[in-house]
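What the coordinates show
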Amino acid sequence: MQRAAHGLANAVVRELRADGRRIYGSSVTVLAGKGNNGGDGLFAAAMLARRGMRTTAVLTAGSAHPDALAAFRAAGGRVQPLDDANVEELAVATAGDDVVIDAILGTGARGGLNGPAAELVAALQELHPALVVACDVPSGVDADTGETHWPVLTARLTVTFGGAKAGLLADPGEGCSGRVHVVQIGIEDHLPSPALRRLTVHDLAKLLPHPGRRAQKYTRGVVGVVAGSARYTGAAALSVEAASVSGPGMVRYLGPETVARQVLARTPEAIWEPDEPGRVQAWLLGPGLDGSDQLQRAKDALQAAYDGGQPAVVDAGALELLPERCPPNWILTPHAGELTSLLGRSEVRVTRDDVESRTLHFVRLAAEHTGAVVLLKGATTLIASPSGTVFSQSDGNPWMSTAGSGDVLGGILGALAASYAASGLGDDGPFAGIGIGPEERWAAVAAVGASIHGMAGKAASGAGPTTAAAIAREVPETFRVIHKYVSA
Ligand SMILES: NC(=O)C1=CN([C@@H]2O[C@H](COP(=O)(O)OP(=O)(O)OC[C@H]3O[C@@H](n4cnc5c(N)ncnc54)[C@H](OP(=O)(O)O)[C@@H]3O)[C@@H](O)[C@H]2O)[C@H](O)CC1
Ligand SMILES: [K+]
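Because the structure is a prediction, the values reported are computed rather than measured.

Structural notes on the overall build of the protein
Across its full length, the protein carries 19 helices and 17 strands. Projected onto its principal axes, the C-alpha coordinates of the protein cover approximately 80 × 50 × 40 Å. The buried share of the protein, reckoned over its 488 residues, is 56%. A total of about 20,000 Å² of accessible surface is found on the protein, and carbon and sulfur atoms cover 51% of it. Each charge class in the protein can be summarised by its mean position, and for the 41 positive and 49 negative side chains these summaries are 7 Å apart.

Re the nonpolar core
Taken as a class, soluble globular proteins show a tendency for nonpolar side chains to be buried jointly. Ranked by internal contacts, the top residues of the largest apolar core, which has 59 residues, are Leu 199, Ile 383, Tyr 420, Val 448 and Ile 452. No other element matches helix α17 (residues 441-461), which puts ten residues into this core. The contacts of Ile 383, once residues within four sequence positions are left out, are Val 373, Val 374, Leu 375, Thr 389, Val 390, Phe 391, Gln 393, Ala 443, Ala 446, Ala 447 and Ala 450. Residues Ala 312, Leu 360, Phe 362 and Leu 376 belong to the second largest nonpolar core, which totals 43 residues.

Here's the deal with the packing of helix α4 (residues 87-95) against helix α5 (residues 115-127)
Two numbers describe how α4 lies on α5: the axes approach to 9 Å, and their chain directions differ by 40 degrees. Judged by the inter-axis angle, α4 sits oblique to α5. In terms of crossing hand, the pair formed by α4 and α5 is right-handed. Packed against α4, whose contacting residues are Val 87, Leu 90, Ala 91, Val 92, Thr 94 and Ala 95, the element α5 presents Pro 116, Glu 119, Leu 120, Ala 123, Leu 124 and Leu 127 at the interface.

Re the coordination of the potassium ion (ligand 2)
Bound to the potassium ion (ligand 2) on the protein side are Asn 37 (OD1), Asp 102 (O), Leu 105 (O), Cys 135 (O), Val 137 (O) and Ser 139 (OG), at distances that span 2.6 to 3.2 Å. Coordination at the potassium ion (ligand 2) comes from six donor atoms whose angles at the metal span 70 to 174 degrees, giving a geometry best classed as irregular. The motif formed by the donor residues of the potassium ion (ligand 2), counted along the single chain, is N-x64-D-x2-L-x29-C-x1-V-x1-S. Comparing Cys 135 with Ser 139, the two get one shared label, buried.

Let's talk about the UniProt feature "binding site: AMP" (unreviewed entry) in the protein
The feature "binding site: AMP" (unreviewed entry), as given by UniProt, occupies Lys 377, Gly 378, Ala 379, Thr 380, Thr 381 and Gly 406 in the numbering adopted here. Across 30 residues in sequence, these annotated residues keep their C-alpha atoms within 13.9 Å of one another, forming a single compact spot. Assignment of secondary structure puts Thr 380 in the loop between β15 (373-376) and β16 (381-384). Given a relative accessible area of 7%, Thr 380 falls into the buried group. Contacts of Thr 380, omitting those with residues within four sequence positions, involve Leu 169, Asp 171, Glu 174, Arg 198, Ser 392, Gln 393 and Ser 394. Along the chain, the position of Gly 406 falls in helix α15 (residues 405-423). Beyond its immediate stretch of four places on either side in the chain, Gly 406 contacts Asp 315 and Lys 377.

Description of the domain arrangement of the protein
Domain annotation for the protein reports domain 1 (2-192) and domain 2 (201-483). Between domain 1 and domain 2, the C-alpha centre-to-centre distance is 40 Å. Taken together, both faces of the contact between domain 1 and domain 2 bury some 670 Å²; the carbon and sulfur share is 47%. Our count for the contact surface shared by domain 1 and domain 2 stands at one salt bridge. In this structure, the salt-bridge partner of Arg 358 is Glu 147, at a minimum N-O distance of 3.4 Å. Counting across the domain 1 and domain 2 interface gives five residue pairs in polar contact (both at pLDDT 80 or more). Broken down by class, the residue content of the side of domain 1 that touches domain 2 amounts to four nonpolar, one polar and four charged.

Here's the deal with the site of ligand 1
As a structural note, the neighbourhood of ligand 1 is formed by 18 residues, with Asp 40, Gly 106, Arg 110, Gly 112 and Asp 136 the closest of them. A distance of 3.4 Å is found between an oxygen atom of ligand 1 and a side-chain nitrogen or oxygen belonging to Lys 34. Contact between ligand 1 and Asp 40: an oxygen atom at 2.8 Å from a side-chain N or O atom of the residue. Considering ligand 1 on its own, with 930 Å² of exposed area, one finds that the protein chains cover 71% of that surface. Split by residue class, the shell around ligand 1 holds five nonpolar, nine polar and four charged.

Things to note about the sheet that holds strand β2 (residues 54-59)
Taking strand neighbours across the sheet as the criterion, the seven strands line up as β3-β2-β1-β4-β5-β6-β7 in an open arrangement whose pairing is parallel. Pairing within the sheet leaves two strands with one partner each, and these edge strands are β3 (78-81) and β7 (179-183). Going from strand to strand, the sheet's axes swing by 20 degrees on average, the running direction of each strand aside. Where strand β5 (residues 132-135) meets strand β6 (residues 157-161), three bridges bridge the pair, whose relative direction is parallel.

Quick notes on the sheet that holds β15
Across the sheet, which stays open at both edges, the ten strands sit in the order β8-β17-β16-β15-β14-β13-β12-β9-β10-β11 with mixed pairing between neighbours. Strand pairing shows two members of the sheet lacking a second neighbour, β8 (196-197) and β11 (271-272), which therefore form its edges. Where β16 and strand β17 (residues 390-393) come together, four bridges link them in antiparallel fashion. Paired with Ala 384 across the two strands is Val 390, which belongs to β17.

Cut-offs applied
Residues numbered from 1 in each chain as written. Chains lettered and ligands numbered in written order. Predicted model: local features only at pLDDT ≥ 70, side-chain atom pairs only at ≥ 80, totals over all residues. Heavy atoms only, no water. Helix = DSSP H or I, 4+ residues; strand = E, 2+ residues; numbered from the N terminus. Buried < 20%, exposed > 50% of the residue type's maximum accessible area, 1.4 Å probe, protein only. Areas by Shrake-Rupley, 256 points an atom, 1.4 Å probe, with all protein chains shown as cover. Lys, Arg positive; Asp, Glu negative; His and termini not counted. Charge placed at Lys NZ, Arg CZ, Asp CG, Glu CD. Core = buried A, V, L, I, M, F, W, Y, C linked by side-chain atoms within 4.5 Å. Contact = heavy atoms within 4.5 Å. Axes fitted to C-alpha atoms, helices over the stretch in contact; angles between N-to-C directions. Parallel < 35°, antiparallel > 145°, perpendicular 65-115°, else oblique. Left-handed = near helix turned anticlockwise from the far one by under 90°. Donors = N, O, S within 2.8 Å, 3.2 Å for Na, K, Ca; no water. Tetrahedral: all angles 85-135°; square planar, octahedral: opposite > 155°, others 65-115°. UniProt positions renumbered as here; feature names shortened; annotations may be inferred. Domains from an automatic or database assignment. Buried area = accessible area lost by both parts, 1.4 Å probe. Salt bridge = Lys/Arg side-chain N within 4 Å of Asp/Glu carboxyl O. Polar contact = N/O pair within 3.5 Å; in protein donor to acceptor, adjacent residues only side chain to side chain. Nonpolar A, V, L, I, M, F, W, Y, C, P; charged D, E, K, R; others polar. Near = heavy atom within 4 Å. Pairing = 2+ DSSP bridges.

See below:
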């Protein structure tokens, strides 16, 4: 607990300094629950009091961790028990402090806040305190699933102990947590393996395909793209362009001649396949599909992938064409609405809101039911393998929610699937080298693609508007940025 408290107190000091604020004389209120989460908060506030901060502890449950409360009092902290009568007054006073530490509920929470604690947090959320630091998890966020029980006080920073908890890496929980800082407290070796894994840029540097001296088209991977239609020509152009800049040996495009002309105008390196396509090692099916001809092409390609054991990235309209059970090297890329339809195929009747409030649960369920890797698009992208492992990538920014962004993601994923199909995902490869087992590797491929897409999108947007085409154009530079971490 002391190491946790030290980590929490030091993170508060760093954040205040980054805001250009003095430590001495600044004010902090810790909202302290009755368990060890409150204990961490009180011990941390005692340390801050000894550094000259004006400290108040609001005891939200009447009682508190005895030793931590004694240490807080001994350091000169002011104690304010919360009750029905003083909620409003304490909310206004607390909101005016330089820092609020949310140490009401942590991993011992069952459901959300209630009573005066809930009223206090709801009032504070409306008053927007200058700096909220959550202890371990924001109170009301389920540490295991990321489900939230409102009210939750949105944090700028969450200081968590032992390892990033799944609830901080999956929405809606991630959306309430701000930046996450992990404090090692010496129990890491005894913790179960994390339920959610996030690939870092160092992982990407190890995993990205690199052509050997004798590389040629088929060793780099050839991807077949069935996308677009007379109505949605842009989807074809964007997904083929994104695939072509993501490292494959070649991109074959299957679609109507009118669309192919526009595709080739943007990506002359692509090959139009008006009839039986040449050899491919992976498929991208679905962006902008419309009309019976294109749907038939997608069906034929899906069947070829199924029969030939080839990986396939299945998006948008092609999601309707899936077999009962998909091969484990297929990557489905629904958004929340499409996920409800996908789940509906296996009699799971949910709404988009249900999915968005329980993203981790439903992405896992979809992977289990379909047998495929399921990539659920969102502010945080979750990628579930049928084996149950889930990756969480959150490299993009909200400006990427723009038309065609999903088509670009599909192109990136299709190219990577072809590259890895060509180079192999064996036990002697880089995936095994970072502890990714054989059943998780296609989910990891999808996580690599999601991360590249997010990094490219963030670079293309800076802090402003961008377009799907601009995201695609940023992909080569994103590969170069990642490559810089190869030696690191
Ligand atoms: N291994 C680690 O990660 C460590 C974590 N530490 C800190 O410990 C907390 C977990 O502490 P714990 O005492 O288990 O529980 P909480 O502090 O999260 O919850 C406090 C108590 O509140 C009650 N409770 C549960 N749900 C609610 C609710 N919805 N509303 C109000 N009260 C609730 C419950 O008590 P009961 O008597 O009602 O059962 C909880 O016990 C962890 O988050 C870390 O901060 C250690 O410091 C280091 C190791
Ligand atoms: K908390």
